[in-house]
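# Understanding the architecture of this molecule
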There are 2 protein chains.
Amino acid sequence: MESKNLLRYIFFLFFTVLLLLFTFSDIPIISQSPPSTSTIRFKNPTTNAARRHHSADVPRHPLDPLTVTELKRVQNIIQKNDLIALHSVVLEEPDKEVVLAWKKGDPLPPRKAAVVARVGGDSHVLTVDLGSGEVTRHETGRVSGYPMMTVEDMTSVTWAPLASADFNRTVVERGVDLVDLACLPISTGWFGKSEEKRRLIKVQCYSMKDTANFYMRPIEGLTVLVDLDTKQVVEITDKGKHIPIPNAANTDYRFTAQNSYLRLVNPISIEQPKGPSFTIEDGHLVKWANWEFHLKPDPRAGVIISRAMVRDPSTGEMRNVMYKGLVSELFVPYMDPTDAWYFKTYMDAGEYGFGLQAMPLEPLNDCPRNAYYMDGVFAAADGTPYVRSNMVCVFESYAGEIGWRHSESPITGMEIREVRPKVTLVVRMAASVANYDYIVDWEFQTDGLIRIKVGLSGILMVKGTPYSNMNQVNHQESLYGTLLSENVIGVIHDHFITFYLDMDVDGSNNSFVKVNLEREYTSPGESPRMSYLKAVRNVAKTEKDAQIKLKLYDPSEFHVINPSKKTRVGNPVGYKVVPGGTAANLLDVNDPPQKRGAFTNNQIWVTPYNETEQWAGGLFVYQSHGDDTLEVWSNRNRAIENKDIVVWYTLGFHHIPCQEDFPIMPTVSSSFDLKPVNFFESNPILKIPPNFEHDLPNCKAYAASA
Amino acid sequence: MESKNLLRYIFFLFFTVLLLLFTFSDIPIISQSPPSTSTIRFKNPTTNAARRHHSADVPRHPLDPLTVTELKRVQNIIQKNDLIALHSVVLEEPDKEVVLAWKKGDPLPPRKAAVVARVGGDSHVLTVDLGSGEVTRHETGRVSGYPMMTVEDMTSVTWAPLASADFNRTVVERGVDLVDLACLPISTGWFGKSEEKRRLIKVQCYSMKDTANFYMRPIEGLTVLVDLDTKQVVEITDKGKHIPIPNAANTDYRFTAQNSYLRLVNPISIEQPKGPSFTIEDGHLVKWANWEFHLKPDPRAGVIISRAMVRDPSTGEMRNVMYKGLVSELFVPYMDPTDAWYFKTYMDAGEYGFGLQAMPLEPLNDCPRNAYYMDGVFAAADGTPYVRSNMVCVFESYAGEIGWRHSESPITGMEIREVRPKVTLVVRMAASVANYDYIVDWEFQTDGLIRIKVGLSGILMVKGTPYSNMNQVNHQESLYGTLLSENVIGVIHDHFITFYLDMDVDGSNNSFVKVNLEREYTSPGESPRMSYLKAVRNVAKTEKDAQIKLKLYDPSEFHVINPSKKTRVGNPVGYKVVPGGTAANLLDVNDPPQKRGAFTNNQIWVTPYNETEQWAGGLFVYQSHGDDTLEVWSNRNRAIENKDIVVWYTLGFHHIPCQEDFPIMPTVSSSFDLKPVNFFESNPILKIPPNFEHDLPNCKAYAASA
C-alpha cells in the first residue's frame, strides 16, 4: 500500500497543479497595453480578438466594477487586516440617489469595495474605502449560513477524500482506479443540528475512465462529508455497493471524441454589412437603437444590468425603466429522498457563485459571429485579481421575426402590406455550475420590451442503478426519475431562477397594480351576452398584497406604474411583468430546503427598495436556515404604494429527464417579459423603415472568396 | 339628393370594380410555362422571382392540393349540377391507410374534391370524383350553422347598406362623407331565435378620410343587419349619435405616409453562403435536415402540415411523428356586452377562412431574404381557380441560439467548451382577418422538437367614445377597455387558437399519458427531507380522461406514446405536448358564444381519429348553435387507449389593449411545443458539428459590392 499511497499523492499533487492551472488560466500577465478607449466601435469581433489585460482599466461610471488596480488595492488593505479568505470582493455601489444624480463628466462618487471574508470561523462583511484606504464598516454575520464558497473551497475539497484510506479502499472496491476519479463538491443544505456550527460539504465521485463525461459514471451511493474549513473527512457513507458504475459508451459529447459526425444544415450566419448598431462606452455603457444600459459581470449574479433607459420617440428623451436587474438566486431541488440525494437542493448563486461559474463563451457557437465579448474581473480567495475573459457577449439578433405588420385582406381589397422586421439586442452569459449549464439572455426590443430568457443545457446529475431495462422495474416511481440508459437514472428535479428587478418607471416612486380579469355577468335583459371579462385594477398597498401565485383561471396583468406620471389621455405610465411558461414550487413550505428556498413560494413579490435586500435567499445562503429570505422580508408587510419598489419574479422548470437528455441535454428555454404598458403615447416603432434589398449584404461562401 | 344618389352609385360601382381587381389580382393568366421540375433547389429566392402560374401543375402526392386544372374540372362538373355558390373546394384526402401505404412512384389514389356549396338556402356537402366526373356523395347540412363565407359574400355585403337611404342619411349626419366610407362584414354569432333560419351579417363602418387606417375611425354604434343571401338590409341601429368620429392624426402606419422615419438599427440579414439546406420535392414535400413533411395551403386552416417524419440518427430510418397538424379554429370573443359589440365573437377559420385571409407575404420583411415562397391555389365562389401568390414561406432561421452546450467549470478545471448552434426551419403564414394579423409559424428543430407559434399583430378593433381623457371617466371598467387616444377605446378581448394535431408516434395506434407531478411526503425517519415530487403516470382510457385544464399547482406532462414500441432500455417511445404561456377561456359555459366556442373549455382534448372531426367548432360554424363542437364529440367519451388519436391544443391570449397598440400593434407571440420524450435512444444531435469560421460567409455591404 505504501507505493500506492505515494502514487496517489503524486497523482493528487499533479491534478491540483493542473486544476489551479486551468482555473486561473485567465489570470492576466499585467502588461503595458494602452488604456481602453472611451468608446469601442467594432466590426467582426472574432476569436482572434486580442485578449484585453485590463491592467490599465479605469472606472468611468459610478457602477463600473472594481478594476484590477482597485482589486489589488483592496487586497493590500485587507492583508493589513489579516482577513485572508475573501469570499467576495465587489464594488459597493454608491447610494441610488447619488448614482441617479451623476452625469457623465461629473467626478465619480467615492469608490468603495464590499468585501465578504472568513477568518477564525466567522464571516465578516466589510466596506473598504478605496480613497482613504480605510475599512469603514466591519460587521460579523448575525444570521445563519455562510458566505458563497470560493473557487478554492470547491476545488480543494474535491481532493480531501483522497486523504482517507477508507475512501480510497472503497473506491477501488467499487472498481474505479484512483487515477480515474473525478469528484464534485455538493452543498449540504441545512436539515437541522447536524448541519450547524461548522461549514460542511458532501463530496461525491465519478469515474472518468474512457469519457470526458464522468457525470454519467457515478460511484452511486458513496458520499463523503467534509469539513470545508479544515478539509477533514467527517464521515464516509457507501450505500451503493450493489450498484455498478455505468458504462462509458456513448457518453462523450466532445466533437473530437465522435467517430462520425452528422452535418444536418449548411452554414448560416447573422450578417451586418455595415457593422453592429451598438456601442459600448467606457467599457460598460451599452447604447443600442433606443436603449441604453450599464452592464457588468458579477461573481454572484452573473451579470448586472443597471440604469436601463429607453428613448421616447416623441420627445427624444431617455426615460428610466429599470434601475437594476439581476439573477438573485437559483434553487434546484432534486426529488429523491434517499441518503445520497436528499440534500441536493442547490442554491447556485449564493452557494457556488453564478458568475464565478460563468466560463468564457465560445465564439461562433455560444454567440454568433457579430458578437462583442466582455470580460469579468474578479478576486481570488487571496484577493488577487484575475480575468474571466469573454464572460458576457452582446449581439444583435434577427431570426426572421416580425416587429409589426398589417396587410389589408380580401375583405377590403385595399392593396396594403406593411411589415417591419424585428431586430433585438441580446446580452448573454452561460454559467456551468458543475454539470448543468444555464444560459441567461437579456433581450432588448426596439418596441420597449425586455425579454429575460433562461436556457438549460449541459449534463444531467444522474443516479446509478442496478436496472438496465424497465422490464426489471416494478414501480417506476421508486426510480425517482427515468431510466436513461443501462444503469443510469435521470432524477426528477426543479429549477427556479429568481430575478431581482428594481423597476424605476420614469422615476423611483412606483406602484404595483394587479389588473385582474374577472368574469362579469350581465343583468337580465341587458345584453344577449351572459358573461364577459372586465379588468379590475387593484393597487397593492403593502407587500402581502403583492405576494402572487399565478393562476390560469384567475388571471391578472402585473403593472408597475408611476402614479405621478400620466400619458396625454390620462393613463398612468407603466411597465408590466408578463410571465411565460413556468413551473411552481410544490415542496411543503415547512420542508427544510423549502424554508431556505421560501423565495420561490410565490412567483411574484414586491418589496420596498432596501439596499440590503438583493439576494433572495439571504446574504449568507450556504447552510442557511431560511431566516433571511425574501419571504421573511416580505412578511414584514411594509408599505409599497408610490414607493421605490423592487419586483421579484421566479421562473420555474420541472424536469422529468428523458432519454434525449442523455448524454447531454438539448437546450430547454423559458422566459418572461417586461413590457411597456401605456408607457409610450403610441407604438414607439411606428416610424421604423422596412428592410430594403439594397440594404442587405452581398455574401459569398468563405472558400469562394478566399 | 338625386345627384348625390347618382354620385353614390358611381362611387359604389367604381369601388366594386377596384375591390374585385385587388381581390383577384392574383388570378393567373394561364400561360404555357414549363411544368415545375420535380425538385426545386433555389438560392436567393427574392421579390423578383418569376410568378409561377400553376397552369401546368400536376399532383404528385396523395395529399397535394387540387391543381388549377383539377379545380376547373370540379367547376365544370358542379356547374352541371347547378350548385353555383361554392363555399369550399378542396382535396378530399384519401383514407389515412391509403396515404400511409403510398410510396413515391406508386400511382396516385383516385383524386376527389370535397365541395361545400349553397343553393336555395341549403348547404350541400359533395364529393366529386375527378376521375369519373361523378358526384359520389351529396349531403345537405344536418346540423345548425352555415358554411364559411365566400370572399364574394364578405366584399359584396359591405356595400349593401348603401342601398338604404336611411343608412346614407345616418352616415352623413354622423359627419362622414359617403366617399370616405369603409365597411366591414362582422359575423353575427348566434344568440337565439333572431339569428336563426337565415344567414345574417352585421356591417359596421368607418371613415377612411385622411388615413389608410380607417379602423381607428369608427362610426361608433352604427350597426346594419344584412341578409347575407339576399344582401337586403334587415335593420339599422345607431346608438352612437353622441360619439364623435376619432381624429385621423397619427393613425396611418404606412411607410409612405410618415413625415419622418426612425432608423434604429443597421441592416441585418440571415445569410447562407452555400444556400438553404432544404428542398421542396414535387412542390409540396419539404425535406430539411432530419425532417420531412408535406406542406400545403388550405382556404380554411391556412396551412396543413402532413406526414411529418424525423430521421432516427441511429438507424437512418424516417420515423412518423404527426400525420396531420393544422389550425382548426380561432375564437375571438370581445368583452363588451353593449349593442354594437356583444356579438363580436369571431371564429376566424370557420367563418372567414383563415387561409382565404392569408395575403401574399412581403419578401425581406415577413420572411427573411433566404425564404422560399409557396402559392395557394383556391377556388372563387363560382368555382374559378385563382392563385394566392407567396402565401406561405419556408426559411431557415438562426438567431444566435444554442442547441446544446457544456463547459467544464472552475470546479473541475477541465478545459472543455462544447457548444452547438441551433438552426431551425420555419414554415410561416400570416392571415389578416380584416384588422387583425395572425402570424403562424411551424418551427422544426433538429433535436426533434416542433414549436408552434402564433404572433398577433395588425390593428385593434376599437370603439369610439366621447371621452378624450381618463380624468373624465368615473369608472374605468365602464369603458370595457383602455382609452388609447382621444375618443378611441381598445376593447378587451381574448384570442384562442385551437390546433388539430393528429399524432402518429411510430405508427397510428398511440395512447395519451398524463404524467402527473405529485407532492409525496416521506415517512417519519425515512429522510431528512419532508417532501419531494414524484411522477405518476395515468394512461387515458377514454376521452373524458383527457379533457385537460392546465394547472400550475397540479402540473403534468402530456405524453403521446406508442405503447407497442419501446426504447432499448424499455421506455415507451413518445412525444409530449409542452404548453407555453397561455390564457384560459373564462366565459360562462352556457353563454351562447361559449357554447359555440366550447372547444376552448379545456386546453387539451384527445379524441379518437375520425375523418369528420377536424374543425373544432364544427363543419358549419357560421351562426352555429354549438351542436357540433369538439366538446360534443369528446363528451361521447369514446375509448382512446392504444388507438389512432388526435390531440387538440388551444393557445390563448388575454388582450387588454394599451397605448403602444395604437395605431398598429407590436407583435405579441406565444407558442407550444411537440417534443420527443424517450422517442430517440439519446440526444439526436450529439454528433452535429459546431460552427467553424471558415464555413461562415464573407459579406460586403451592398453598396460596396455594387
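Residue numbers run consecutively from 1 along every chain, following the written order of its sequence. Going through the entries in the order they are written, you letter the chains from A and number the ligands from 1. Local features in a predicted model are, by the rule used here, given only for residues with pLDDT of at least 70; side-chain atom pairs are given and counted only at 80 or more, and totals for whole chains, interfaces and linings are based on all residues. Heavy atoms from the whole structure form the basis of all side-chain values; hydrogens and water molecules are not counted.

Going by this rule: UniProt positions are given in the numbering used here, feature names are shortened, and annotations may be inferred rather than shown by experiment.
Going by an unreviewed UniProt entry, chain A carries the name Amine oxidase and comes from Penstemon smallii. In its Sequence similarities (unreviewed entry) section, the UniProt record describing chain A reads: "Belongs to the copper/topaquinone oxidase family." Of the comments in the UniProt record for chain A, the one headed Subunit (unreviewed entry) reads "Homodimer."

## Brief notes about the overall build of chain A
Rule in force here: Strands here mean DSSP runs of E at least two residues long; helices mean DSSP runs of H or I at least four residues long; both are numbered from the N terminus. Computation of the radius of gyration draws on C-alpha atoms alone. For the globule rule, the value is 2.2 Å times the number of residues to the power 0.38. A contact between two residues is defined here by any heavy atoms of the two lying within 4.5 Å.
When helices and strands are tallied, chain A shows 9 helices and 35 strands. Taking 27 Å as the expected radius of gyration for a compact globule of 706 residues, we find that chain A reaches 27 Å, a close match to that expectation. Along the first, second and third principal axes, the C-alpha set of chain A runs to 85 × 65 × 65 Å. Partitioning the intrachain contacts of chain A with sequence separation of at least 6 by distance along the chain shows that 69% fall at a separation of at least 24.

## So, the UniProt feature "active site" (unreviewed entry) in chain A
Residues and elements named next belong to chain A. This is how the line gets drawn: The rule is simple: take the accessible area with a 1.4 Å probe, protein chains only, and divide by the maximum for that residue type; under 20% is buried, over 50% is exposed, in between is partly exposed. Definition of a polar contact: a pair of N or O atoms within 3.5 Å, with one able to donate and the other able to accept a hydrogen when the atoms are protein atoms, and with sequence-neighbouring residues admitted only if both atoms are side-chain atoms.
The positions UniProt marks with the feature "active site" (unreviewed entry) are Asp-348 and Tyr-436. With the annotated positions falling across 89 residues, the maximum pairwise C-alpha distance of 10.2 Å places them together in a single cluster. As for its placement among the helices and strands, Asp-348 is situated in helix α6 (residues 348-352). Relative accessible area serves as the criterion here: at 4%, Asp-348 is assigned to the buried category. Once residues lying within four places of it in the same chain are set aside, the contact partners of Asp-348 are Glu-329, Leu-330, Val-332, Gly-353, Phe-354, Val-433 and Tyr-438. Note that Tyr-436 resides in strand β22 (residues 436-445). For Tyr-436, a relative accessible area of 3% corresponds to the buried category. Setting aside anything within four residues of it in sequence, one finds Tyr-436 in contact with Tyr-334, Ala-431, Leu-456, Ser-457, Ile-459, Leu-460, His-493, His-495, His-655 and Met-665. Of note is the side chain of Tyr-436, whose polar atom sits 2.8 Å from the side chain of His-493.

## Description of the sheet that holds strand β5 (residues 135-140) of chain B
All names here are of chain B. Operational definition: Pairing between two strands requires that DSSP report at least two bridges joining them. As a rule, the C-alpha atoms of each element are fitted with a line to give its axis, helices using only the stretch in contact, and angles between N-to-C directions run from 0 to 180 degrees.
In spatial order, the strands read β2-β3-β4-β5; together these 4 strands make up an open sheet with antiparallel pairing. Two strands lie at the open edges of the sheet, namely β2 (85-91) and β5, each paired on one side alone. When the angles between neighbouring strand axes are averaged without regard to direction, this sheet yields 15 degrees. Across 6 bridges, the pairing between β2 and strand β3 (residues 112-119) is antiparallel. Bridging across to β3, Ala-85 finds its partner in Arg-118.

## Remarks on the pattern of salt bridges
Which entries qualify depends on this criterion: When a carboxyl oxygen of Asp or Glu is within 4 Å of a side-chain nitrogen of Lys or Arg, the pair counts as a salt bridge.
Here the structure, examined in full by the defined rule, presents 90 salt bridges over all chains. Arg-568 of chain A is the salt-bridge partner of Glu-681 of chain A, the closest N and O atoms lying 3.7 Å from each other. Taken together, the residues span a long stretch of sequence, with Glu-681 of chain A in the loop between β34 (665-677) and β35 (698-700) and Arg-568 of chain A in the loop between β30 (556-566) and β31 (572-579) at a distance of 113 residues. A salt bridge links Glu-520 of chain B to Lys-534 of chain B; the shortest N-O distance between them is 2.9 Å.

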